[in-house]
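Remarks on the overall topology
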Amino acid sequence: MDVNLARTFLVVAETGSFVDTARKLNITQSTVSARIKGLEDLLGRPLFTRSKSGAELTGAGELFQKHALAMVRVWQQAQLQVSLADQHPEHISVGAPLSLWSDFLLKWAAGLRIQIPGIAVSATAGPSPVLSQRLIEGTLDLAVMYRPSPPPGLTIEHLFDEEFVLVSSTRAGRRGSNDYLLIDWGADFVQDHAAAFPEHANPAISLDLGPMGLDYLLANECSGYFPARMVRKLISRGRVREPKRARKFVYPVYMVYPETRNEEAYEPILRGLRRAAAKLG
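Reading guide: rules and limits
- Residues numbered from 1 in each chain as written.
- Predicted model: local features only at pLDDT ≥ 70, side-chain atom pairs only at ≥ 80, totals over all residues.
- Heavy atoms only, no water.
- Helix = DSSP H or I, 4+ residues; strand = E, 2+ residues; numbered from the N terminus.
- Buried < 20%, exposed > 50% of the residue type's maximum accessible area, 1.4 Å probe, protein only.
- Contact = heavy atoms within 4.5 Å.
- Areas by Shrake-Rupley, 256 points an atom, 1.4 Å probe, with all protein chains shown as cover.
- Lys, Arg positive; Asp, Glu negative; His and termini not counted.
- Charge placed at Lys NZ, Arg CZ, Asp CG, Glu CD.
- Axes fitted to C-alpha atoms, helices over the stretch in contact; angles between N-to-C directions.
- Parallel < 35°, antiparallel > 145°, perpendicular 65-115°, else oblique.
- Pairing = 2+ DSSP bridges.

**Describing the overall build of the protein**
When its secondary structure is counted, the protein shows 10 helices and 10 strands. Every one of the 281 residues in the protein was classed for burial, and the buried ones make up 43%. The long-range share in the protein, meaning contacts at least 24 apart out of those at least 6 apart in sequence, stands at 71%. Accessible surface for the protein amounts to roughly 15,200 Å². Of this, 52% is attributable to carbon and sulfur atoms. Distance from the positive charge centre (32 side chains) to the negative charge centre (29 side chains) of the protein: 6 Å.

Take a look at the structure:
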């Protein structure tokens, strides 16, 4: 299948409009219509319901959407690896939540480039379900995740346990109703936090920015939960304080990779990641 068919389908699904898709892809509306019809002919099912208000996915279209996205990702990954082949004979694509890139995986990636100078590293951030899907698609070679539930074909290996601790930049003894900062550290954390602290269900400040939330905490008097490894030095320097007897949240961290793989290529990479994780203790 021409990857342009899948790409056009995804834009129509996103915009809900053949006209907007044509404008976005810089092609004619008739070309958009022809591509979608060609795709529907190939699949033997209508993918959109057309109306004066636009185009809406059918049941078959909704089912095809994730496969179209996988096709485009695989093609983009192939283009990237081929373009890097001359200068970088080896390439690894790694995914993890934002929190694990900060103060951990970025350092590991820098060390990997020293250990294997010819390797190119592509990094991406996202939630565990998306990363697992991309491992299946083959557009990720390795992922590091909290509590993964990978399907068959993927190996999970425990790296370390991540501890989230409450820290505060407020002066000791001072606490107001508007000084609580809720950071979205993923679905598991949000669920556990809501059960433990129903009084903070609607905080004044809620950030889905991962480690960047620490910049806000340091610039404003407030309290919030952060990975212990990110705030350990700040606590020792007195920049923030850890309230006594505050509840902690602990989540196991795993690396996930294909069961069927090139052992010779993968093992030095996995070994380096194990060493990096061991240093966090």
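Picking up after the structure, the text goes on.
**A word on the packing of helix 2 (residues 18-25) against helix 3 (residues 29-43)**
Running from amino to carboxyl end, helix 2 crosses helix 3 at an angle of 110°, the nearest separation of the two axes being 8 Å. The angle between the axes of helix 2 and helix 3 places the two elements in the roughly perpendicular class. Along its contact with helix 2, which presents Phe 18, Val 19, Thr 21, Ala 22 and Leu 25, the element helix 3 presents Gln 29, Val 32, Ser 33, Arg 35 and Ile 36.

**Thoughts on the pairing of strand 6 (residues 154-168)**
Where strand 6 lies against strand 10 (residues 249-258), 10 bridges are found, and the strand directions are antiparallel. Bridge pairing in strand 10 links Glu 157 to Met 255. Where strand 6 and strand 9 (residues 223-227) come together, 5 bridges link them in antiparallel fashion. Bridging from a neighbouring strand, Leu 166 pairs with Tyr 225 of strand 9.

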